[in-house]
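What the coordinates show
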Amino acid sequence: MAVTVLIVDDSKLARIVANKALLALQPEWQRVEAGSAAQALEVISKQQVDIALIDFNMAEKDGLELAAELRQTYPELPIAIITANIQDEIIARARAINAAFVSKPITKEGLDGFVSGAALRLRSKNP
Amino acid sequence: MNPEILLDELERDALTEIVNIGVSRAAANLRKMVGQQVLLSVPSIDIVSQTRAARLIGEREVSKLVAVRQDFKGAFSGRALLIFPHEKSLELVRAVTRDELNAAELVEMEHEALTETGNIILNSCLATMANMLRQSLTMTIPVVIRGDSATLFEVWRDAPADAPVLFLYIDFTVRDRNISGYIAMLMNIPSLVAVKELIAAFIERVVGSDD
Amino acid sequence: MTEDRNPLDHAIAAAASGSWEWDIGLDRLWIDERFAELYGLDATQTRTPLPTSTFFLRIHRDDKTRMRIAVAGMLGGSENFSKEFRIQVPDGSIRWMHGRGQTILGVKDEPLRFTGLLVDVTDRKRAEERLRIAQKAGGIGAFEYIDGFAAVTVSEEFCRLLGLLPAPALPVPTINRLVTQGYGPLIPEQIGDEDAELAGEFLVTRSDDAQPRWIARRGEIIREGTAGGYRLVGVIYDISAAKAAERELRELNETLEDRVQSEIDERLGAQAALRQSQKMEAVGQLTGGVAHDFNNVLQVIGGNLQLLAGDVAGNLRAQQRLQTATAAVARGSRLASQLLAFGRRQPLAPKVINLGRLIRGVDDMLRRALGEGVEIETIISGGLWNTLVDVVQVENALLNLAINARDAMDGQGNLTIEVGNAFLDDRYAARHAQVDPGQYVVIAVTDTGCGIPAEIIEQVFEPFFTTKPEGQGTGLGLSMVYGFVKQSGGHVKIYSEFGQGTTVRIYLPRTRELEDVEVDTEAGPITGGTETVLVVEDDEQVRGTVIDLISELGYRVLKAKDVQSALAVLETGISIDLIFTDVVMPGQVRSTELARQARERLPNAAVLFTSGYTENSIVHGGRLDEGVELLSKPYTREALAQKIRQVLRKRGLPASSAARQQAAATEPTGSPLRMRVLLVEDELMIRLSTVDILEKLGHAVSEAANATQALELLNKDTFDVIIADVSLPGMRGDELAARAISLQPQLRVIFATGYGLPPTGAQDALRRAVTLQKPYGEHNIVDALKTATSVQPLQ
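What you are looking at is a predicted structure, and each value in this text was computed from that prediction instead of being measured.

Moving on: the confidence of the model for chain C. Averaged over every residue, the pLDDT of chain C is 79; the share at 70 or more is 82%. The low-confidence segment residues 1-5 of chain C (pLDDT under 50) makes 15 contacts with residues lying over four places distant or belonging to another chain.

With an omega of -5°, the peptide bond between Lys104 of chain A and Pro105 of chain A qualifies as cis. As for its position among the elements, Pro105 of chain A is in the loop between strand E5 (100-103) and helix H5 (108-125).

The biggest cluster of nonpolar side chains holds 159 residues, and the ones touching the most others in it are Leu126 and Ile183 of chain B together with Val152 of chain C. With 12 residues, the single largest contributor to this core is helix H4 (residues 103-132) of chain B. Residues lining this core come from more than one domain, with at least three contributed by each of domain 1 (9-126) and domain 2 (138-238) of chain C. What Leu126 of chain B contacts, discounting residues up to four positions off in sequence, is Gly22, Phe72, Ala80, Leu137 and Met139 of chain B. Counting residues in each nonpolar core, the second largest holds 36 residues, with Val680, Leu694, Val701 and Ala784 of chain C among its members.

Residue and element names in this part refer to chain A. Strand order across the open sheet formed by five strands is E2-E1-E3-E4-E5, with parallel pairing between neighbours. In this open sheet, the two strands that pair with only one neighbour each are strand E2 (30-34) and E5. Averaged over all adjacent pairs, the angle separating strand axes in this sheet is 20°, with direction ignored. Of the strand pairs in this sheet, strand E1 (residues 4-8) and E2 are connected by five bridges, and their pairing is parallel.

All names here are of chain C. Of the strand pairs in this sheet, strand E4 (residues 81-88) and strand E5 (residues 94-105) are connected by eight bridges, and their pairing is antiparallel. Paired with Glu84 across the two strands is His98, which belongs to E5. In terms of strand pairing, E5 meets strand E6 (residues 111-120) through nine bridges, oriented antiparallel. Across the sheet, the residue bridging to Gly101 is Gly116, located in E6. Hairpin geometry of E5 and E6 is characterised by an intervening segment of five residues between the two adjacent antiparallel strands and by a positive phi of about 65° at Asp109.

The next point concerns the interface of chain A and chain B. By convention, interface size is frequently given as the accessible area that disappears when the constituent parts associate. Between chain A and chain B, the contact holds 15 residues from the first and 20 residues from the second. Put simply, the parts of the chain that give the side of chain A that touches chain B at least two residues each are helix H1 (12-25) and helix H4 (88-96) of chain A. Residue composition of the side of chain A that touches chain B, by class: six nonpolar, five polar and four charged.

The next point concerns helix H8 (residues 355-370) of chain C. Residue and element names in this part refer to chain C. Bending of H8 peaks at approximately 40° at the position of Asp363. Every buried residue of H8 is accounted for by Leu355, Gly356, Ile359, Leu366 and Leu370. Just beyond H8, the residue with positive phi is Gly371, at close to 85°.

Before going further, it helps to spend a moment on the interface of chain C and chain B. Taken together, the contact between chain C and chain B spans 30 residues of the former and 35 residues of the latter. For the side of chain C that touches chain B, the secondary-structure elements that each account for two or more residues are helix H2 (61-76), strand E9 (169-171) and helix H5 (172-176) of chain C. By residue class, the composition of the side of chain C that touches chain B is 13 nonpolar, 10 polar and seven charged.

Turning next to helix H18 (residues 733-743) of chain C. Taken residue by residue, H18 of chain C has Gly733, Asp734, Leu736, Ala737, Ala740 and Ile741 of chain C as its buried positions. Viewed end-on, H18 of chain C has its buried residues packed into an arc of 155°, placing them on one side of the element.

Here we take up the packing of helix H1 (residues 9-34) of chain B against H4 of chain B. Residue and element names in this part refer to chain B. Running from N to C, H1 and H4 cross one another at 150°; their axes reach a closest spacing of 8 Å. Between H1 and H4, the interaxial angle falls into the category roughly antiparallel. Considering only the axes of H1 and H4, their crossing is right-handed. Residues Ile18, Val19, Ile21, Gly22, Val23, Arg25, Ala26, Asn29, Leu30 and Met33 of H1 pack against Thr117, Ile120, Ile121, Ser124, Cys125, Leu126, Thr128, Met129 and Met132 of H4.

All names here are of chain C. Overall, antiparallel pairing links the six strands, which are arranged E3-E2-E1-E6-E5-E4 in an open sheet. Of all strands in the sheet, those bounded by a partner on one side alone are strand E3 (50-51) and E4. Here H2 sits on the sheet in contact with E4, E5 and E6, set at roughly 150° to E4.

Where H1 of chain A contacts H4 of chain B, the two axes come as close as 8 Å, and the packing angle between them is 75°. In terms of their interaxial angle, H1 of chain A and H4 of chain B are classed as roughly perpendicular. Facing Lys12, Leu13 and Ala14 of chain A of H1 of chain A, the residues of H4 of chain B in contact are Met109, Glu112, Ala113 and Glu116 of chain B. Among the residues forming the contact of H1 of chain A with H4 of chain B, the class breakdown is four nonpolar, no polar and three charged.

Thresholds, definitions, all that
- Residue positions are counted from 1 within each chain, in the order its sequence is given.
- Numbering of ligands from 1 and lettering of chains from A proceed in the order in which they are written.
- Totals for whole chains, interfaces and linings use every residue, but because this is a predicted model, local features are given only for residues with pLDDT of at least 70 and side-chain atom pairs only at 80 or more, for both listing and counting.
- Confidence per residue, as judged by the predictor, is encoded in pLDDT with a range of 0 to 100.
- Any pair of residues counts as being in contact when their C-beta atoms, constructed from backbone geometry, are within 7 Å of one another.
- Working definition: helices are DSSP H or I runs of at least four residues, strands are E runs of at least two. Numbering for both runs from the N terminus.
- Think of a nonpolar core as buried Ala, Val, Leu, Ile, Met, Phe, Trp, Tyr and Cys residues chained together by C-beta atoms that fall within 7 Å.
- Labels follow a simple rule on C-beta atoms placed from the backbone: if 20 or more others lie within 10 Å of a residue's own, it is buried; if 12 or fewer, it is exposed; otherwise it is partly exposed.
- Domain boundaries shown here were taken from an automatic or database domain assignment.
- Two strands are counted as paired when DSSP detects at least two bridges linking them.
- A fitted line through C-alpha atoms represents every axis, and for helices the fit uses only the stretch in contact; the resulting angles, taken between N-to-C directions, go from 0 to 180 degrees.
- As a working rule, the residues Ala, Val, Leu, Ile, Met, Phe, Trp, Tyr, Cys and Pro are called nonpolar, Asp, Glu, Lys and Arg charged, and the rest polar, with Gly in that last group.
- For a residue, the bend is simply the angle between two axes, fitted respectively to the seven-residue segment ending there and the seven-residue segment starting there.
- Picture the helix axis, draw a direction to every C-beta atom, and the arc is the one those directions span.
- The scheme is simple: roughly parallel for angles under 35 degrees, roughly antiparallel for over 145, roughly perpendicular for 65 to 115, oblique for anything else.
- Left-handed describes a crossing in which the near helix is turned anticlockwise from the far one by less than a right angle; the clockwise case is right-handed.

This is the structure we're talking about:
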C-alpha cells in the first residue's frame, strides 16, 4: 500500500532534509511537499495524505494552527510538529492536539520514533 | 546606571548557565546538521548601558557580515543574531547541505540554507533558555541580513532610551570546515526586576533548600 | 569536545587528578581514590554509588551556590563544565579545586551522565593571582587564541592596552583592525609550519582615543596534535616610550656627525668673524688715532707753512719750496682721510659733484694702486648728470673695486671705468629689492679677470667674505662699497662670467642741483672779519697756530686750553661771536656741552667745531648733520677763513653771497606765513641749527629734546607744524606724532629721519606726513614746510 507523507515547511532545505530522512527510513513511501499552510490545505484537498510532517515556525499560519485544523477534518491522521523551538509550551500544545513533536534538525534517528509509530497505526487501520 | 538593576555575581553565573544550556543545545543541533565537531567558547555576558553596548558593538565591528536575525518577545524581549564573516557563509551552506549540491545550487540555496540554519540554532538556544526560566517567548521568523554592525545591531525603536542592554557574545567554530562565527544577543530589559525574579526562581529550583 | 580556555591550563595535565561520574537518571555519584583524597573522604567511599549531594559536600559555602548552578546547567544539557572552587576539608584547610567535565547525551539528546576530572590548583591559583597583579602593574596584557575560533580570550589589561572596553573575549578582527597597515595581524589566523615564536612589534591605533602606540607581542605557538591545530599563548605590552627614545637616539646618532660638524663650523666662523672684527676694530682705532694725531701734526705744519707764505713773499725759490711743502701736506691729509675712512671714522659729507670730474681726478691714484700690468681705460659720457655723494667714499669705492679687479686679473689685464647716465624703470625696480625707479649716474668698473662663480656672487658684498687667501685683504672692501652706495640712496650690481671677467655697476641717484665746486683753496680772496673768536684747543702747538691764523684774518681772538677755561671766559661776560673748538677735548666736560652753555649765555654766538677725528656726538648715522658746522683737520688758511665767515653769516647777519657754499639751485622762497613750529630733536647740534634755520625763515619755534618735553609744550601752546625726529629716546617719533595729533588735530607732521624710510602709521595724519631726510638744509626745510602745509588739515 502506498503511503504518502506530506512535508509542510517554508524552508526548502528543511524539506530536503526531511525527505532524506524519510527516504532512509521508508524508501517506498511517497513524499509530497508544501511550502505553506495554505499550500498544504490545497494539496490535501486534492490527494490522499497518510502522514503529515509540519514545521511550526511558518509565516501567516503557524504549524500548530494548521495541525489543529487538520485534526478537525482528519482525526486519525498521524501528525508530527517539526521544530527547533523546543519550548515546553510548544510541546504541550502539540500533545494537546494529539500531534507528535520532533525537534529539528531532523535526523533519521530523530524521526524514527514517530515514523515507526505512524507506520504501525496505518497498518493497524489497513490490515 | 542604577547598581540595583545590575546582576550580581550569582545572577550572572545563573544567566551564564542558562545561556550555556541554550547554546549547547544549539551547538548539538549544528553538529547534527554539519556532521562535524563544533566548538563553543564560554559565553561572555554583560549588562551595560546602551551607550556602552553601542561601543562594544562598534569594537566588534567587522566590515562585511552575514547574519540571521530573530527577535523574541515575552518576559524579556530582544534580538538574537547568528553572525558570520561574509566569506564564511557559503562554506556553512555547503556544510549543512552535506556537500550534495553543486556550485550553482549552492548559490541558489545560500539564502535558504542560512535562514534555516539560523532558525534552528537561534530557536534551540532561545527555546532552551525560555524553558529554563519557565517562560514562553514568541519568536519572529528569522531573516537573513547583510551589512556592518550598525545594520545588524540597530537599536529598536520600542526600547526606552535608558533601558540597559544584556550584551552576550559567544563564538563557535566548525573546525574542519574553517567556519567560525558568533551568536550575539541584545536584550532590552524593561523590567530587570522581573528577569531577576525569574533568575532567582531558577536558582532556587536548582540549588534547593540548602545550608 | 569542549576546550578549556584557561591560559595556563596545559599545566593541569601534569597534576594528578581525581575523577567522578554523576549518573543523572539514577541520581548517583561515583568517585575514585584521588577524588576521595582531595575531598578528604574515606577510601570506602570510592567506587560505590553515593548520593549526588556528596559532590557539594566539601565545597566552601561561598562557592556552593555557584557550583550548584553550574552543575544544574550541565544536567540541563550544557556542554562545558570548567569551574574553580574552594573546598574545605575536615582539618579546616581550604584548597582551590579545578573541575573539568562534560555531559554524555543519549539518543534524544537527553543528558545521561555528567563526568569529569578534579585537580588541586591551590598553588597555581596563587601564582595566577600574582601573575595577574604583576601583569596589571606592568601593563602586560595576556591573550590566548585557539585557531579556528572567531574570538581570542584576553585579560582586562589586554583590552586596556588597546583602548577597548574590558571583556573576557574579543573577536579577532576587533583586535587586528587596530594595527596599522603593513605590520601584519596581532593575532594571526594562520601560522607557518616553521614558526615557533610570536615575537613582534606593531604600530596600533588605540580604539578609544585613536592615539598611535607601539605594542610588543611575545608568546608561544603550541601545536596540538597532528591535525595542524594550534594555540597561541602570549602577552602584549606598550613600548611606545621605548620606541620614541629609540627613534630619537637614532636620529641623534645619524645627525650627530653633522651636528658636531656644523657646531664646529659655527664656532670657527664666529671666532674668525670675531677675530676679524676685533682686528678691524683694533686697526680702526689704531689708524683712527694715528690719523688724528697725524692730522694735528699736519695742521701745525700746514698752518705754519701758510704763515710762512707771508714771510717769504718776494723770495721766489722759497715760495716754490713752500708750495711743494703745502702740496705734500695736502696729500698727507688725503692719506689721513683714507685711513680714517678705513677706520670708519669719516662721516659722510655728501656734496653735489660731477662724477666725471672725480674719476679724472683719481686716475693718478688708480694707476699707482694697480701697477703697470693693468691697462686702465676711462670712458665718461657727455652731458653727465650730477649726483649727491661723499667724494672720499666714491674714491674709496673705486679704489676697492680697482684693487679687486687687479687681483682677479693677477696684475695683468684691462680695467675699464665708465661713467654715464642711466634710467632704472619700474620693471627693474620691481625686480630688485630696495631700488627706486628713477634717474641715476652709473659708474661701471670692468675687468678681464677670473670672474666670480655663480654660487658665490650673492655673497661678495657680505662683510668678511673674501676669496683671497688669508692675510690678503680684509673682506671689507666690497661691503664698504655696498654700505656707502646704499647710504647714498643708490644701487650696486655685479655681473660676472666665470673665467671671463667681472663688471661692477654702481648707480647713484641723480641730483638736479648744481655742483658744489670745491673752491680752489689756493686762490681767491680771503675774507677776514673783526668779530671776537674764542679758540678752544688743548694741543698747544695747534692752538698757537690756529690763533695766529685767525688773528691774521683780523679777528679778535680769545683762547682757552680746555672746556673749563672756555666756560670761565664765557663767565666774564665778554661778548663772543664765534667759538671755535676741537670736538675731542680732554676733561670732564664735552665740547658739545660747551656749545650748549655758550648758546645759553650768548644766543648770538656761533659755534664751529673742528676735528681730525669725529665722534658720535656730532655725527648722526655716519653722516654729518647739516647745521652742525665742522671744519675737518687739516684745513688751509683759506678754508678756515671761509668757514668762519660762513658760520658767522649763518647767525643771521647779512652776508655777501660770494662764499655761499650750499649750492642751492633756487633760493628758498620761505613760507609766506609765520608758523608756530614745534621741533623735537634729541641731538643738540642738529636741534640748534634747525632752530636757527626756522627762525631765520621767520617762524616761531619751540624746541623739545624728547617726547616728554614735547608733550608738555603741546599741552601749553598751540602749534601749526611739528617736526619730529623719528628716533627719539623713550618714544618713537611716529608715536609722539600720533599723540600730538590727538591733542592738536590741526597739526601738520614732518618727520626728520636719517634712515630714508618714513614711519608708517594707521592714522591719516601720519600717512600724509612729510619726510625730511637728514642731512637737511634750509631749502629742504622750506620744501617740507610747504608740502606739509599744502595738505588739508584733518578736522
